[in-house]
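Coordinate inspection notes
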Amino acid sequence: MARSSAELDRVWLEQFPEVDILLDSATIQKRVSELAQQIARDYEGTFPLMVGVLKGSVPFLADLMRAVPFRVACDYVAISSYGTETTSSGVVRLLKDLDTEVVGRHVLVVEDILDTGLTLQYLMGLLQERRPFSLKVCALLQKPDRLKAPITLDYCGFSIPNEFVVGYGLDYAEQYRNLPFIGALRADSAED
Ligand code: IMP
C-alpha cells in the first residue's frame, strides 16, 4: 500500500534530525493547488510565461505549473543574493538571463521566498524594462518582518516567522533542497 505523505515526511525526518517541520508536505501541496486555481482563473485564455528563479523555485514551479490546466511557457533566471550563509549579502547580480522575449507577454515570476525583497526588486525592475503586457509575482513563502524593498506579492503561499528555513527547494549551503516539506534548521546547525 502507498505510504501517506505524513509517513513519508517522517521517513525523511529520520535522516535529517536537525530539521523541525514548519510546513508538512500535505499542507504545501494543498496550498500549491489553491494558488494554481487562483492563477488559472486569472490567466485563463492567455499564454503566460512563468519565470522561475533558480535554484530555489524549482520544486514549487514544477508543482504549480502542473496544476494549471492550460498552455503555459516556462523560463528561468538565476540571481545571486545568498552565498552559503543564512543572511543576505545585499548584493544582487544576474547570473542567467531568460532565453525568451518578454515584450507583450503575460509574465508571472515564481519565487521560493520573499525575504528582504532585494532579489525581486531587482528582477521585477529588469523585466519591467522589457515591456511585458503584465508582470506579477508569486512566492511560496514570505517573511514580512524582514522586508526592506517595496515588493507586494500578487500570490503568496504562506507568511512565516523570521527564521531560516530549508526544504522544498530552499537550501542551506546547497543542502536540503530535496526535502518534501519546509522546516527550520535548529540554531546549532546553521551559522547566522
Ligand atoms: P531576498 O532578496 O532577501 O528577498 O532573498 C531572496 C532569496 O534568498 C531567496 O530566493 C532564497 O534563495 C534566499 N533565502 C531567503 N530566506 C531564506 C531562507 O530562510 N532559507 C533559504 N533561503 C532563503
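Going by the structure above, here's the rest.
Computed from a predicted structure; not experimentally measured.

With that out of the way, let us pick up the site of the ligand. Taken together, the neighbourhood of the ligand is formed by 16 residues, with Asp 112, Thr 116, Thr 119, Lys 143 and Val 165 sitting nearest. The side chain of Thr 116 places a nitrogen or oxygen atom 2.4 Å from an oxygen atom of the ligand. In the model, an oxygen atom of the ligand is placed 2.8 Å from a nitrogen or oxygen of the Gly 117 main chain. Burial of the ligand by the surrounding chains reaches 93%, relative to a free accessible area of 490 Å². When contributions to the shell around the ligand are tallied by element, the ones reaching two or more residues are β5 (106-114) and α4 (118-128). It is β5 that provides the largest number of residues to the shell around the ligand, a total of three residues. Looking at side-chain class alone, the shell around the ligand contains six nonpolar, four polar and six charged residues.

All right, on to the sheet that holds strand β8 (residues 165-166) then. An order of β1-β9-β8 is seen for the three strands of this open sheet, with the pairing classed as antiparallel. Among the strands making up the open sheet, the edge pair consists of β1 (19-23) and β8. The sheet contact formed by β1 and strand β9 (residues 182-185) spans four bridges and is antiparallel. Each residue of the ladder has a partner; that of Asp 20, found in β9, is Ala 184.

Attention now goes to the environment of Pro 59. Along the polypeptide, Pro 59 turns up in helix α3 (residues 58-65). Pro 59 sits in the partly exposed class, given a relative accessible area of 22%. It is 11 Å that separates the C-alpha atoms of Pro 59 and Gln 29, two residues lying 30 residues apart in sequence. For Pro 59, the contacting residues outside a window of four places in its chain are Tyr 168, Gly 169 and Arg 177.

Right, let's get into the state of the cysteines. Summed over all chains, the structure comprises zero disulfides. With no disulfide of its own, Cys 74 has Cys 138 as its nearest cysteine by sulfur position, at a separation of 12 Å. Free cysteine: Cys 156, not disulfide-bonded; nearest cysteine sulfur from Cys 138 at 8.2 Å.

Counted under the stated rule, the structure contains three aromatic pairs. Measuring from ring centre to ring centre gives 6.0 Å for Phe 164 and Tyr 172, while their planes differ by 80°; the resulting arrangement is edge-to-face. Here Tyr 172 falls in the buried class, since its relative accessible area comes to 11%. An aromatic cluster of at least three residues, connected via ring pairs, comprises Trp 12, Phe 16 and Tyr 176. Across the ring face of Phe 47, the terminal group of Arg 105 is positioned such that the distance to the ring centre comes to 4.8 Å.

Rules and cut-offs
- Residues numbered from 1 in each chain as written.
- Predicted model: local features only at pLDDT ≥ 70, side-chain atom pairs only at ≥ 80, totals over all residues.
- Heavy atoms only, no water.
- Near = heavy atom within 4 Å.
- Polar contact = N/O pair within 3.5 Å; in protein donor to acceptor, adjacent residues only side chain to side chain.
- Areas by Shrake-Rupley, 256 points an atom, 1.4 Å probe, with all protein chains shown as cover.
- Helix = DSSP H or I, 4+ residues; strand = E, 2+ residues; numbered from the N terminus.
- Nonpolar A, V, L, I, M, F, W, Y, C, P; charged D, E, K, R; others polar.
- Pairing = 2+ DSSP bridges.
- Buried < 20%, exposed > 50% of the residue type's maximum accessible area, 1.4 Å probe, protein only.
- Contact = heavy atoms within 4.5 Å.
- Disulfide = S-S within 2.5 Å.
- Phe/Tyr/Trp six-rings, centres within 6.5 Å; stacked < 30°, edge-to-face > 60°.
- Lys NZ or Arg CZ within 6 Å of the ring centre and 35° of its normal.

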